[in-house]
Amino acid sequence: MQAFITRETLPSLPPPSTLKGPIAWMRQNLFSSVGNSIVTVVLVLGILAALIPFINWAFIKADWIGTSRDDCTSGGACWVFVYVHLKLFMVGLYPESEVWRTILVGAILVVTMAGLMIKGVPFKKYIQIFALIAFPIIAFILLSGGAFGLPHVETNFWGGLLLTLVIAIVGIVAAFPLGILLALGRRSSMPIVKAICVVFIEVWRGVPLITVLFMSSVMLPLFLPEGMEIDKLLRALVGITLFQSAYLAEVVRSGLQAIPKGQYEAANALGLTYWQGMYKVILPQALKIVIPGIVNSFISLFKDTSLVLIIGLFDLLATIQGAFASPKWLGYAIEGYLFAALVYWVFCFGMSRYSQRVERSLKTTH
Amino acid sequence: METATQTKPEIAVSLRDVNKWYGEFHVLKNVNLDVERGQRIVICGPSGSGKSTMIRCINRLEEHQAGQIIVDGIELNNDLKNIDQIRREVGMVFQHFNLFPHLTVLENCCLAPMWVRKIPRKEAEATAMEYLERVKIPHQAKKFPGQLSGGQQQRVAIARSLCMKPRIMLFDEPTSALDPEMIKEVLDTMIELAESGMTMLCVTHEMGFAKTVADSVIFMDAGQIIEMNTPDEFFNHPQHERSKLFLSQILGH
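Just so you know, the residues in each chain are numbered from 1, in the order the chain's sequence is written. Whichever chain is written first is A, and whichever ligand is written first is 1; the rest continue in order. At least 70 in pLDDT is required for a residue's local features to be given in this predicted model, at least 80 for side-chain atom pairs to be given and counted, and no such filter applies to totals for whole chains, interfaces and linings, which use all residues. Working from all heavy atoms in the structure, the side-chain values ignore hydrogens and water.

Okay, the overall build of chain B next. Check the secondary structure of chain B and you find nine helices and ten strands. The reference for a compact globule is 2.2 Å times residues^0.38; the radius of gyration itself is calculated from the C-alpha atoms. Since a compact globule built from 253 residues should have a radius of gyration of about 18 Å, the 18 Å found for chain B is in line with a globular shape. Overall, the C-alpha framework of chain B stretches about 55 × 45 × 45 Å when taken along its three principal axes. Taking all 253 residues of chain B together, 55% fall into the buried category. What sets the accessible areas is the Shrake-Rupley method with a 1.4 Å probe; for residues, cover comes only from the shown protein chains. A total accessible area of about 11,400 Å² is found for chain B, and carbon and sulfur atoms account for 49% of it. Here the positive residues are Lys and Arg and the negative ones are Asp and Glu; neither His nor the chain ends is included. For this purpose, a charge sits on NZ of Lys, CZ of Arg, CG of Asp or CD of Glu. The distance from the centre of the 28 positive side-chain charges to the centre of the 33 negative ones in chain B is 5 Å. Numbering of helices and strands runs from the N terminus; a helix is a DSSP stretch of H or I covering at least four residues, while a strand is a stretch of E covering at least two. A 1.4 Å probe rolled over the protein chains alone gives each residue an accessible area, and that area as a share of the maximum for its type sets the label: buried under 20%, exposed over 50%, partly exposed in between.

Shown next, in the form of structure tokens:
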């Protein structure tokens, strides 16, 4: 056997410098061999061939501002369609004179969210309390009215992005705690609690959301006593919340299962009660693990809100479809759908980025 | 501190005819044990002999199915109040530390005092720093457990238990998951704790530790206590065939 024995302590050296700069990067990643170079060139040409006409249509030859389809003369995209209908797409049939209320709610929401998300903002705890307790009340009073001299605006008039956001936010905020409780219940050692949770989760997960919405809108009124009526939007919200909570429960449960038994034991051994242990020890870890899954559910819920169309609620997508179906604007479906896609994407991408940031900030190892 | 004039020693932990099964498997068979306050007991035995199960029954991480366990004068039964009360007085240190990875070392130590004993944060933190100093890692207080070595983590785990000011400490193979270099630092901490008069039950195979601090050594096999003696007697003149074999195997190399 042979071995080389170092006789002195070797100094720590910096790692060998890798090639830097865009040219080196391209050589390494795009043109490392003849085959790769050919693939790169072909792909770049293909992307350009598709992208150039699109940019030309969507931006360069597009018409942006006007009042009717007659203003679309350039042969490109007719964004006038979106421009003219912007109010409809944003708030639906909400009375023109009351639109400021929706803008105010939006502004409060944006400021609150910014306060929660931006690092270094003081009084985070109070902002959280405001966001969870005061904001829903303020938003409801402002949007619905009927108090403080604000005229009542029936939910029938709510629409567009406003309705989409109301459904998505209420669905997310209400389903989250319910989902956690269901997940804990399903892992409970108490047989009745466990059975109830299992049945609830399996029933709601086994039914398509369309069915849930349809039942809440058509069948539920049949079971209610004569004269009793529940707001259609409220019924849809309850349906979506229960539906979503069943999905979330399974996501959270997967996180609970990933926590080693030792964590539960340590919490117990220290004398923490079940709820204390869950709140301070288990859930913070479990939820951190399932952030990607939770955000996945939220994103899919956000997009699923478009299904409320079938019960006669006009969310963002429904108002857009309604607009390009009117005889005055026939033929502008592409612009409409692109706009819808853009708005949905902005919100979903925002959620995704935010979740990644939360994940990073919760990292507690090297 | 023990008073020399005590006539009748106070019993800290008492097990009477304790039996436990895992399904069909009979893990603990008629276990009887009295631990006096201030006593240090080392429990050893082959793997699967029920030694961990026995000490985990003392703070109800495992449930015994027959017999009686009395801890600090309180009987362990299905009364949740009793269980909570006992767990406050009994600290436990685990083989795999089981620190809470999402909390800093200091937060790990303050959690139970603040939530279980309702001690204000300031006071809890002061106590925690005191114990972290005692286990010689006060400067790591703001770090997360994942950033510490195994030995440091185990010392934090000991400090975390001590922050509850327990009257009895249970150790479940506290050095078995450690690199050899780190065992000593943990044992030193435990020896110091033993010298301060803490009632301790340690499942461990660290014979040096047993010889230094234990009042008696218990040997378990197949769910039974088959030998109990002073460390000197136990190591030099084991009575039971099984103990002799066990000792020859762990000391033989």
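Right, let's talk about the interface of chain B and chain A for a bit. Opposite the 24 residues of chain B that make contact, chain A presents 21 residues. For the pair chain B and chain A, the two sides together bury roughly 2,000 Å², of which 64% comes from carbon and sulfur. The rule for a salt bridge is simple: a side-chain nitrogen of Lys or Arg has to be within 4 Å of a carboxyl oxygen of Asp or Glu. Put simply, chain B and chain A have one salt bridge between them. Counted as a polar contact is a pair of N or O atoms within 3.5 Å, where, for protein atoms, one must be capable of donating a hydrogen and the other of accepting one, and residues adjacent in sequence contribute only when both atoms are in side chains. Counting every contact that joins chain B to chain A gives six residue pairs in polar contact (both at pLDDT 80 or more). Note on definitions: a residue-residue contact is assigned when non-hydrogen atoms from the two residues lie within 4.5 Å. Defined in terms of a 1.4 Å probe, buried area is the accessible area two parts forfeit on being brought together, summed over both.

In this section: the sheet that holds strand β1 (residues 11-22) of chain B. Residues and elements named next belong to chain B. Two strands pair if DSSP finds at least two bridges between them. Pairing is antiparallel in the open sheet, where four strands are placed in the order β2-β1-β4-β5. The sheet terminates laterally at β2 (25-36) and β5 (74-75), the two strands that pair on one side only. Bridge count between β1 and strand β4 (residues 66-71): five bridges; the pairing is antiparallel. Its bridge partner being in β4, Ser14 is matched across the sheet by Ile70.

Should their charged atoms come close, side chains of opposite charge can pair. A complete count under the given rule lists 24 salt bridges over all chains for this structure. The closest approach of N and O atoms between B:Arg155 and B:Glu185, which form a salt bridge, is 3.0 Å. On the criterion of sequence distance, the pair formed by B:Arg155 in helix α5 (residues 150-162) and B:Glu185 in helix α6 (residues 180-195) is long-range, its members being 30 residues apart. The shortest N-O distance in the salt bridge between B:Lys184 and B:Asp188 comes to 2.9 Å. Here B:Lys184 pairs with B:Asp188, and both are found in helix α6, just four residues apart, close to one helical turn. Relative accessible area serves as the criterion here: at 56%, B:Lys184 is assigned to the exposed category. Within this structure, A:Arg186, A:Glu202, A:Arg205, A:Glu250 and A:Arg253 form a network of salt bridges that share partners.

Note: α-helices contain 3.6 residues per turn, so residues at a spacing of three or four share the same orientation. Multiplying one less than the number of residues by 1.5 Å gives the expected span of a helix. The end-to-end C-alpha distance of α5(B), which contains 13 residues, comes to 18 Å, matching closely the 18 Å that a straight helix rising 1.5 Å per residue would cover. In terms of burial, α5(B) is largely enclosed, as twelve of its 13 residues are buried.

With that settled, the discussion passes to unusual backbone geometry. Residue and element names in this part refer to chain B. Of note, the phi angle at Lys118 is positive, near 60°, even though the residue is not glycine. Positionally, Lys118 belongs in the loop between α3 (105-115) and α4 (121-134). Backbone geometry at Lys136 places phi at a positive 65°, although glycine is not the residue there. Within the secondary structure, Lys136 is located in the loop between α4 and α5.

All names here are of chain A. Counting through the fold element by element, Ile172 comes out in helix α6 (residues 160-186). For Ile172, a relative accessible area of 17% corresponds to the buried category. Taking the C-alpha atoms as reference points, Ile172 and Ile240, 68 residues apart in sequence, are found 9.3 Å from one another. Here Ile172 is in contact with Phe298 and Leu301, once residues within four sequence places are set aside.

Let us now look at the confidence of the model for chain B. Where the model shows low pLDDT, its predicted coordinates should not be examined in detail. Residues and elements named next belong to chain B. pLDDT measures the predictor's confidence residue by residue and takes values from 0 up to 100. Mean pLDDT for chain B: 90, with 96% of residues reaching 70 or above. Low confidence marks residues 1-7, where pLDDT is under 50. Its contacts with residues over four positions away, or in another chain, come to three contacts. Taken over the whole predicted complex, pTM reads 0.85, whereas the ipTM for its chain interfaces reads 0.90.

This brings us to the domain arrangement of chain A. Size of an interface, as often reported, equals the accessible area lost when the parts are brought together. In this document the domain limits rely on a domain assignment from an automatic tool or a database. Its domain assignment divides chain A into domain 1 (23-60), domain 2 (80-94 + 157-362) and domain 3 (95-152). For domain 1 of chain A and domain 2 of chain A, the distance between their C-alpha centroids amounts to 39 Å.

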